[in-house]
Amino acid sequence: MLGVEIPLLDRPRADILRAAAICFMQRGYAASSIDDVARSLGSTKGRIYHHYPSKADLFADVFRAGMDMNFAAIEPVRVQPGPAIGRWRKMAAIHCGQMIRTKPFQRVVWEGVELYLRGATTPEQREEFTRLMQSRDAYGRIFREAIAAARDEGDMRFGTIGIAEQLMFLTLNSPLFWYTPRPTETDEDIEAIVGEVVAFAARGLGAAEENTR
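Here the structure is a predicted model, which is why all the values come from computation and not from measurement.

*Asks:* Got a minute to help me understand the environment of Arg-182 in this structure?
*Replies:* Along the chain, the position of Arg-182 falls in the loop between α9 (175-178) and α10 (187-204). A relative accessible area of 47% places Arg-182 in the partly exposed class. Between the C-alpha atoms of Arg-182 and Phe-158, which are 24 residues apart in sequence, the distance is 36 Å.

Structure, rendered in C-alpha cells:
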C-alpha cells in the first residue's frame, strides 16, 4: 500500500503525500498537523513547507493524487471494445482494488467530499475543492455511462440510473470502511475480496452471472 506509484509526481513530493495520506486517514483532517506528517517522514516541517504552504494545500494534493491514481488505473480498459458489461466489470474490479491498495489516499478523497458537502472549508479551499469535485464527478460519469450502456444492451436491469450509480459506488467503495490488511495476505486474497464485492454490486445492478461474451 505504501509503495503505490503516484502519477506525474517527483519522488520528494510523492513521499510527502504518502505520509500525509496515512496521517489524514488515521487522524482525520482536523486532528492532523504538518508536525504529524513530518514526524512520520522522519524529517523537519521545512521539508513539507518547501512544497506545501499549508495543511489545506497538502490535503488537497493528496485528494488530487488519489483521483489521479483512479483515472490512471481504469484508463487501459475504459475504452475497450465489446459489451459494456465486460468493461464495467473490469473497471469495477480495478476501482474496488484501488480502495484496498491505495486506501489512505481514497479515505482522503472520501473525507474531502464530506468536508465539501458540509461546507467545512474556507472560500479559498472551496474553490480548489470545487475543481477536485469536478474531477471526481468526471470519474463517476465513466461508470455511469458504462452501466447505462449495459442496460441498453440488456445486460443490466435497474431503475433510476442516479440511484443505481450511488448504490454501486457505495458497494465498490465499502472496503474503505471495513477492510484491514492481514500480515499473511496475498494478492490472491485481495483479488478474492474484490471479486465478491464486484459480484455483489453486479447483482444489485440486475446483471446475470458473469458474462463471458
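Structure shown, so let's carry the discussion forward.
*Asks:* Help me understand α10 in this model?
*Replies:* Residues three or four positions apart in an α-helix share a direction because the helix packs 3.6 residues into each turn. Helix length check: α10 (18 residues) gives 26 Å between terminal C-alpha atoms against 26 Å at 1.5 Å per residue, within 8%. On its buried face, α10 sits against α5 (84-101), α8 (161-173) and α9.

*Asks:* What's the story with helix α2 (residues 34-41) in this structure? I'm lost.
*Replies:* Residues of α2 that are buried include every one of Ile-34, Asp-36, Val-37 and Ala-38, and no others. Contact partners of the buried residues in α2: α1 (11-27), α3 (45-49) and α4 (55-78). One or two residues past the end of α2 sits Gly-42, with phi positive at roughly 70°.

*Asks:* Would you mind showing me how to read the environment of Arg-118 here?
*Replies:* On the secondary structure map, Arg-118 appears in helix α6 (residues 103-118). On a C-alpha basis, the gap between Arg-118 and Ala-60 in space is 16 Å, while along the polypeptide they are 58 residues apart.

*Asks:* Honestly, the packing of α1 against α2 in this entry has me stumped. Any pointers?
*Replies:* To characterise two packed helices, one gives the angle between the axes of the helices and the distance between these axes. Where α1 contacts α2, the two axes come as close as 9 Å, and the packing angle between them is 120°. On the basis of their axis angle, the class for α1 and α2 is oblique. Both α1 and α2 take part in a crossing whose hand is right-handed. For the pair α1 and α2, contact is made by Asp-15, Ile-16, Ala-19, Ala-20, Cys-23 and Arg-27 and by Asp-36, Val-37, Ser-40 and Leu-41, respectively. Among the residues making up the contact of α1 with α2, the classes are represented as six nonpolar, one polar and three charged.

*Asks:* Teacher, can you tell me more about the pattern of salt bridges here?
*Replies:* Pairing is possible between side chains that carry opposite charge, provided their charged atoms lie close to one another. Summed over all chains, the structure comprises 14 salt bridges. Of the charged contacts, one joins Glu-128 and Arg-131 as a salt bridge, the two residues approaching to 2.5 Å between their closest N and O atoms. Placement of the pair is Glu-128 and Arg-131 together in helix α7 (residues 123-152), with a separation of three residues, close to one helical turn. The class for Arg-131 is partly exposed, based on a relative accessible area of 43%. For the salt bridge of Arg-182 with Glu-185, the shortest nitrogen-to-oxygen distance reads 3.7 Å. The exposure class of Glu-185 is buried, given its relative accessible area of 16%. Taken together, the salt bridges that share partners define one network made up of Arg-13, Asp-61, Arg-64, Glu-127, Glu-128 and Arg-131.

Conventions used here
Residues numbered from 1 in each chain as written. Predicted model: local features only at pLDDT ≥ 70, side-chain atom pairs only at ≥ 80, totals over all residues. Heavy atoms only, no water. Helix = DSSP H or I, 4+ residues; strand = E, 2+ residues; numbered from the N terminus. Buried < 20%, exposed > 50% of the residue type's maximum accessible area, 1.4 Å probe, protein only. Expected span 1.5 Å × (residues − 1). Contact = heavy atoms within 4.5 Å. Axes fitted to C-alpha atoms, helices over the stretch in contact; angles between N-to-C directions. Parallel < 35°, antiparallel > 145°, perpendicular 65-115°, else oblique. Left-handed = near helix turned anticlockwise from the far one by under 90°. Nonpolar A, V, L, I, M, F, W, Y, C, P; charged D, E, K, R; others polar. Salt bridge = Lys/Arg side-chain N within 4 Å of Asp/Glu carboxyl O.

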